[in-house]
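In case you want the letters, here they are:
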Amino acid sequence: MKFIPYGKQSIDEKDIDAVVTVLKSDFLTQGPAITRFEKAISEYTGAKYCVVVANATAALHIAVKSLNIEIGMEGITSPNTFVASSNCLIYNGLKPVFADIEPDTYNINPNEIEKQITKKTKVIIPVHFAGRSCDMKNINEIAKKNNLFVIEDAAHAIGSNHEDGTKVGNCKYSDMTIFSFHPVKTITTGEGGAITTNNKDLYEKLILLRSHGITKDPDLLTQNTGPWYYEMQDLGFNYRMTDIQAALGLTQLSKLETFKKRRNEIIQKYNSGLANLNWLKIPKTDKSDLCFHLYVVQIDFEKIGKTRATVMDFLKSKNIGSQVHYIPVHTQPYYKKNYGYNWGDYPLAEDYYQKALSLPLYPNLLEQDIENIIKTVRSIT
Ligand SMILES: Cc1ncc(COP(=O)(O)O)c(C=O)c1O
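Criteria and cut-off values
Residues numbered from 1 in each chain as written. Predicted model: local features only at pLDDT ≥ 70, side-chain atom pairs only at ≥ 80, totals over all residues. Core = buried A, V, L, I, M, F, W, Y, C linked by C-beta atoms within 7 Å. Buried ≥ 20, exposed ≤ 12 C-beta atoms within 10 Å, placed from the backbone. Helix = DSSP H or I, 4+ residues; strand = E, 2+ residues; numbered from the N terminus. Domains from an automatic or database assignment. Contact = placed C-beta atoms within 7 Å. Pairing = 2+ DSSP bridges. Near = placed C-beta within 6 Å. Nonpolar A, V, L, I, M, F, W, Y, C, P; charged D, E, K, R; others polar.

**Comments concerning the nonpolar core**
Most often, soluble globular proteins have nonpolar side chains that are buried together.
Argument step 1. Core analysis: the biggest nonpolar cluster contains 102 residues, and Ala59, Ile178 and Ala194 have the highest contact counts within it.
Argument step 2. The element contributing the most residues to this core is helix H3 (residues 56-65), with 7 residues.
Argument step 3. The two domains that each donate at least three residues to this core are domain 1 (13-254) and domain 2 (256-378).
Argument step 4. In contact with Ile178, other than residues within four places in its own chain, are Ala56, Ala59, Leu60, Ala63, Ile151, Asp153, Ala154, Ala155, Gly193, Ala194 and Ile195.

Here it is in structure tokens:
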């Protein structure tokens, strides 16, 4: 059996043809595929505007920057996330603050957010962990009450719905939503990210920040001395996506619903195959219409008398990849050294982490792979 990674892209001839078409065209970057991809994401999510960028880390960076928050203020996010969700606060001179997670969804807990709010808090970055939308209605109410911005980190969650049945990315409960198109995510552009928003001012700001803070738009220039003329109006970056990536993004997006269906089928199989084990907890099943990026189980390693490393090695010896999402961000050396965080600060995220294991989840998994993974996992005790 070939090695099965925990996540993998699904690329077909349609994707390859789309990329080749761009390679044979006049524009490799800053061409028409970018606007087409942005329009398609806006239509899919229901948000008014979309800005595609080089990756989701860049998306988070400029999303926070576009809010013009004074240096020294604070932002709140989940400790159960990839470091990018909180690093974007640091890039912008804000202190990263964490709010502990819910024990069943592993998402940030709105009640914990409220406890962390101070006079300096300006923004909340809820992370839709593994693809499950956070309790956005509640988070939005807390934000409104305290005059805070909300940026949804939906790096894992394209294709998922909020509890009310509307699409993640529609920004109904937030100022902006960001997505990631890294190859392990549900759709890919190689590297890539997007920001959606319903706010025209934020949209215009994001367009500027994506490309050095430079504009050539006659309506925005303070003067116009000729056809060569451009102005740098803010300190931006080169966070542009290429047309090669956007063309891939378009074909990938057209297959999102098929990917979602297959991911959900695999999850159903895992859930029934791994149910009723007293040392393994399957993910919460709920009524929301979700598109999962990760399949994460909780294993009581103490109970089975094995370490996680031994279990991962055993799976690897059977050609099954696994991964751990996530080491709580506040326990990273950089965060401990610079912000004084430590183990014990966010007990639920830490307890979750000790037991977490992600099993392979991607559309091209074969039936026999799924059965084999279930059988092998059941045999680890
Ligand atoms: C929750 C979350 N946010 C942001 C990112 C950053 O995404 P990218 O790799 O596209 O920069 C990731 C990447 O894994 C992530 O998991």
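**A closer look at the pairing of strand S1 (residues 49-53)**
Argument step 1. In terms of burial, S1 is largely enclosed, as 5 of its 5 residues are buried.
Argument step 2. Bridge count between S1 and strand S7 (residues 193-197): 5 bridges; the pairing is antiparallel. If you follow Cys50 over to S7, its bridge partner there is Thr196.

**Focus on helix H4 (residues 84-91)**
Argument step 1. With 6 of 8 residues buried, H4 lies mostly within the body of the structure.
Argument step 2. If you follow the buried residues of H4, they end up packed against H3, strand S2 (74-77), strand S3 (95-98), strand S4 (121-125) and strand S5 (149-153).
Argument step 3. At the C-terminal side of H4, Gly93 shows a positive phi close to 75°.

**Some thoughts on the site of the ligand**
Argument step 1. Near the ligand you find 14 residues, and of these Asn55, Ala56, Thr57, Ala155 and Ser180 are the closest.
Argument step 2. Those elements giving two or more residues to the shell around the ligand turn out to be H3 and H4.
Argument step 3. Per-class residue counts for the shell around the ligand are 5 nonpolar, 8 polar and 1 charged.

**Quick look at the domain arrangement of the protein chain**
Argument step 1. One can read the domain layout of the protein chain as domain 1 (13-254) and domain 2 (256-378).
Argument step 2. Between domain 1 and domain 2, the C-alpha centre-to-centre distance is 26 Å.
Argument step 3. Across the contact, 30 residues belong to domain 1 and 23 residues belong to domain 2.
Argument step 4. Looking at the side of domain 1 that touches domain 2 element by element, the count peaks at 3 residues for S3.

**Quick notes on the pairing of strand S6 (residues 176-180)**
Argument step 1. In terms of residue burial, S6 counts as a mostly covered element, since 5 of its 5 residues are buried.
Argument step 2. Side chains Met176, Ile178 and Ser180 of S6 all project onto a buried face; the interleaved residues Thr177 and Phe179 project onto the opposite face, where all are buried too.
Argument step 3. Pairing of S5 with S6 involves 3 bridges; the strand directions are parallel. Considered in S6, the bridge of Asp153 is made with Ile178.

**Topic: the sheet that holds strand S10 (residues 280-281)**
Argument step 1. Taken together, 3 strands build an open sheet; the order of strands is S10-S11-S12 and the sheet is antiparallel. Of all the strands in the sheet, the pair left with one neighbour each is S10 and strand S12 (356-359).
Argument step 2. Sheet topology note: the S10/strand S11 (residues 295-299) ladder contains 2 bridges and is antiparallel. Bridged to Lys281 within S11 is Gln298.

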